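The residues making up each chain are set out below.
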Amino acid sequence: MIEPILSLNSISKSYGRVKALNEVSFQVPKGSVFGLLGPNGSGKTTMLGIVLDALKPDSGSFQWFNNPSSPNSRKRIGALLETPNFYHYLSAVDNLKITQAINQRGTLDDIHASLEIVQLSERKNSKFSTYSLGMKQRLAIAAALLAKPDAIILDEPTNGLDPVGISEIRELILRLAKGGTTIIMASHLLDEVEKVCSHVAIMKKGNLVASGAVDEVLRNEDIVEIGASDFNRLTELFNHYPSVTGIKQTSEYLQLFLQLGSANLESINKHCFDNGITLNHLLLKKKSLEAKFFELTS
């Protein structure tokens, strides 16, 4: 089992009568790109605030690097919760020098190394005001990388960016992960998580509804709709049918959920015919990851 870099145990947090988090527990594997996914208002930002010691939970606990959170562990974590207020009239290098002075650690070599990682070396002496939104976001990530963290937390890192900026941030996240940095990113965009994350926790109104490897949590499926005059007999017939992972009855049809790529309409029709049932409806549908996400969060 991969060692967890962050472990949460029954974290709860309320704001008056509003339950922002309700006994949330999950682990972030070391070296993963971990997506904290959910609609706006699901508790993602509150969760990040807690694990960064900016907020106190009402109950529960969490550990970084298998130890309670401490100033030493906090030094091993970089974070970007909102776009920093860089000085528009200063260059990237000079802005990062100010960041270093505030944090009281790092060298000029660290600045140049961080700018290299985010691919801003060629614009390191350009004023911040001349940067695109994507470049500004990459500079903010460079600031979070100055202390060479083992893990970096990003809250909605592609929010407000154009397609080019979004692509740049995604590529940067993948490069950081390839270099061994654990990435924890909050997002309400399923597409973002699909493209870069290896693991995910899905939040809904403060509750954890699913967590684990992306391929397992947001598993794609085949859906076969079937219809016949006797729904009860039809349900019994497919309760133990190979590859069927679930059965759901709608007002008109029976839906069979099967492992991706395993649906065979001819075999299903023959199975019914051999057991004395004539189908009046048979249709193969594909269940998208987007549909799975909305099923979990709606």
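This text follows the structure it describes.
A brief look at the structure comes next. (Residues numbered from 1 in each chain as written. Predicted model: local features only at pLDDT ≥ 70, side-chain atom pairs only at ≥ 80, totals over all residues. Heavy atoms only, no water.)

### Concerning the overall build of the protein chain
How we decide: The helix count covers DSSP runs of H or I at least four residues long, the strand count covers runs of E at least two residues long, and both are numbered beginning at the N terminus. Each radius of gyration is computed over the set of C-alpha atoms, and the globule rule expresses the reference value as 2.2 Å times the number of residues to the power 0.38. For each residue, the accessible area found with a 1.4 Å probe, counting protein chains only, is set against the maximum for its type, and the residue is called buried under 20%, exposed over 50%, and partly exposed in between. Residue contacts are defined here by distance: any two heavy atoms, one from each residue, within 4.5 Å place the two residues in contact. Here the open area of atoms and residues is found with the Shrake-Rupley method and a 1.4 Å probe, where only the protein chains shown may cover a residue.
Helices and strands together make up the secondary structure of the protein chain, namely eleven helices and 14 strands. The C-alpha atoms of the protein chain give a radius of gyration of 24 Å, which is well past the 19 Å a tight globule of 298 residues would have. In terms of principal-axis extent, the alpha carbons of the protein chain reach across some 80 × 45 × 35 Å. Per-residue burial for the protein chain yields a buried fraction of 46% across its 298 residues. Put simply, 67% of the contacts in the protein chain that link residues at least 6 apart link residues at least 24 apart. Of the accessible surface of the protein chain, which amounts to about 15400 Å², a share of 49% is contributed by carbon and sulfur atoms.

### Some details on the sheet that holds strand 5 (residues 67-68)
Threshold: A strand pair is defined by DSSP finding two or more bridges across the two strands. For every element, the axis is a line fit to its C-alpha atoms; helices are fit only across the contacting stretch, and the angle between N-to-C directions ranges from 0 to 180 degrees.
In space, the four strands of this open sheet follow the order 2-1-4-5, with antiparallel pairing throughout. Edge strands, defined here as strands with exactly one partner in the open sheet, are strand 2 (18-29) and strand 5. Direction of pairing for strand 1 (residues 4-15) relative to strand 2: antiparallel, over a ladder of eight bridges. Along strand 2, the bridge assignment pairs tyrosine 15 with valine 18. Lying on the sheet, helix 1 (residues 44-51) is in contact with strand 1, strand 2 and strand 4 (59-64); it crosses strand 1 at an angle near 120°.

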